[in-house]
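# Observations on chain architecture
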Amino acid sequence: MTGDAAIRRRLRAWVAATARVDPASVADDTSLFSSGLLKSLDVPELILLIEEISGSSIDVEKLRKGVFADVDTIARTFFPAPEAS
Amino acid sequence: MTKLAKTVERLCRVSREQALDPRSVLEWPEAVDPDAWYTSPELISLHGTEAYDALDEPARKRLSFFEAVAFYSINIHGERFLMEGLAKRLYRKEHEAISPYLHHFLEEENKHMTYFGTFCLRYAGRIYPERKVAFPSEHAPGEEDFLFFAQVLVFEEIVDVYNRRMARDERLHPLAREINRLHHFEETRHLSFGRDLVQSLLDDASWDDAARARIAGRIGAFLAATWREYYSADAYRDAGIPEPFEVRRRAMAHPAARERRREVSEGLVKVLLDLGLPVAEPELS
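Residues numbered from 1 in each chain as written. Chains lettered and ligands numbered in written order. Predicted model: local features only at pLDDT ≥ 70, side-chain atom pairs only at ≥ 80, totals over all residues.

A separate point is the overall build of chain A. Of the regular secondary structure elements, chain A holds three helices and zero strands. Taken over the C-alpha trace, chain A has a radius of gyration of 12 Å; the compact-globule value for 85 residues is 12 Å, and the two agree within 12%. Here the C-alpha coordinates of chain A stretch approximately 40 × 30 × 20 Å along the principal axes. Taking all 85 residues of chain A together, the buried fraction comes to 19%. In chain A, of all internal contacts separated by at least 6 residues, the share reaching a separation of at least 24 is 55%. (Helix = DSSP H or I, 4+ residues; strand = E, 2+ residues; numbered from the N terminus. Rg over C-alpha atoms; globule rule 2.2 N^0.38 Å. Buried ≥ 20, exposed ≤ 12 C-beta atoms within 10 Å, placed from the backbone. Contact = placed C-beta atoms within 7 Å.)

Dropping the structure here:
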């Protein structure tokens, strides 16, 4: 999967399906964990999804606090836009 | 003397009398035989699915090897979580009575990790990564301790079903069979301790119905999360199965896999029910 919009759409769809809420209620800046939408037990599945989309593995020991705060933070952390040449 | 105190005394004695050094029991060949089973075919997470049916026998055996690596990796991460929690609770005032057994528990879990780790590193070159991240959360008095030991019980009950079955499975490579046998041999004591301790903590708790329902819900969620770990995209990829993430998603939702989860969890669900913790059968879709 390529393209920032497509990645964010897939992340939002996963969040909505996991939390069993209306997909329209999940925005890029919706708090995922502090709002109770997702639980810490959902994190392994979220990591697997990010690994699947990015094609790279994630070392949980190196994750900084708050990287899963919302879709926007996830997208910026794990799928940074390529630098303009 | 309480039931738990009697259990602690008995288990400490048995641990002393039956102490094993896995380093002197297990023999490690230079390389593993690719034409052998390392996981019982019926316990392979894809068994009964279209992805499994599409594999020929050598490919199924290859998958059985990487499923063993995944199973041992789950055990390594689970036991590390367990050891951290046990060490933190040693000699706390409320756990003084069980501390003598916590020493044995820790010692035995440490030994288990050595053979799981040796197998993974020697024959697969790696341990599959942990993907759990713990967030701090609010607890009622006594809830954190209770959840810790209840989660350990859930984890070990499931593992033990696999260990018992594979220890008896003569199709398996002798090393895989022996690892499962050794683990089951000591886990039997841990399970006995865990059941009595969880019951004792529950008896001492003064939670209202809402708190009990929330706690049962958390244990159910932990059970579902534990089962998800048994579907390893790492193992599928290493076994050469295309689209490992998609295969994983389909496998988790497959009726054959649901039935295996239900059947393997049956004993655990009954243990939890007897404790007064009704937990729904794990739904992972």
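From this point, the narrative continues.
As a further point, take unusual backbone geometry. The backbone of A:R20 shows a phi angle near 55°, a positive value even though the residue is not glycine. On the secondary structure map, A:R20 appears in the loop between α1 (4–19) and α2 (43–54). The class for A:R20 is exposed, based on 7 C-beta atoms found within 10 Å. Positive phi is not limited to glycine here, since B:Y91 has a value of about 60°.

Accessible area lost during the coming together of the parts is what is often quoted as the interface size. Taken together, the contact pairs 13 residues of chain B with 13 residues of chain A. The element contributing the most residues to the side of chain B that touches chain A is helix α8 (residues 209–228) of chain B, with four residues. For the side of chain B that touches chain A, the residue count by class is nine nonpolar, no polar and four charged. (Nonpolar A, V, L, I, M, F, W, Y, C, P; charged D, E, K, R; others polar.)

Over its 31 residues, helix α7 (residues 174–204) of chain B runs 45 Å from end to end, which matches the ideal 45 Å to within 8%, given 1.5 Å per residue. Of all the bends found along α7(B), the most pronounced is centred on B:E187 and spans about 30°. (Expected span 1.5 Å × (residues − 1). Bend = angle between axes of the 7 residues up to and from the residue.)

Glancing now at the nonpolar core. If you look at the biggest cluster of nonpolar residues, it comprises 83 residues, and the most contacted ones within it are B:V69, B:Y72, B:F149, B:V154 and B:I219. In terms of residue count, the dominant contributor to this core is helix α4 (residues 57–89) of chain B (12 residues). (Core = buried A, V, L, I, M, F, W, Y, C linked by C-beta atoms within 7 Å.)

Turning to the packing of helix α5 (residues 99–124) of chain B against α7(B), a few remarks are in order. Residue and element names in this part refer to chain B. Put simply, α5 and α7 touch, their axes get as near as 11 Å, and they point 155° apart. By the angle between their directions, the pair α5 and α7 is classed as roughly antiparallel. Helix-helix and strand crossings are classified by hand; for α5 and α7 the assignment is left-handed. Residues Y101, F105, E108, H112, Y115 and F119 of α5 pack against I179, L182, H183, E186, H190 and F193 of α7. Each residue belonging to the contact of α5 with α7 can be placed in one class, and the counts come to seven nonpolar, three polar and two charged. (Axes fitted to C-alpha atoms, helices over the stretch in contact; angles between N-to-C directions. Parallel < 35°, antiparallel > 145°, perpendicular 65-115°, else oblique. Left-handed = near helix turned anticlockwise from the far one by under 90°.)

Model confidence for chain B is summarised by a mean pLDDT of 91, while 98% of its residues fall at 70 or above. Under the prediction, the complex receives an ipTM of 0.87, its pTM being 0.92. (pLDDT = per-residue confidence, 0-100.)

Residues and elements named next belong to chain B. On the secondary structure map, Y91 appears in the loop between α4 and α5. Take Y91: there are 9 C-beta atoms within 10 Å of it, and that puts it in the exposed class. Sequence-wise, Y91 and L102 are 11 residues apart; in three dimensions their C-alpha atoms are separated by 9.2 Å. If near-sequence neighbours (up to four positions away) are discounted, Y91 is found in contact with E96 and S99.

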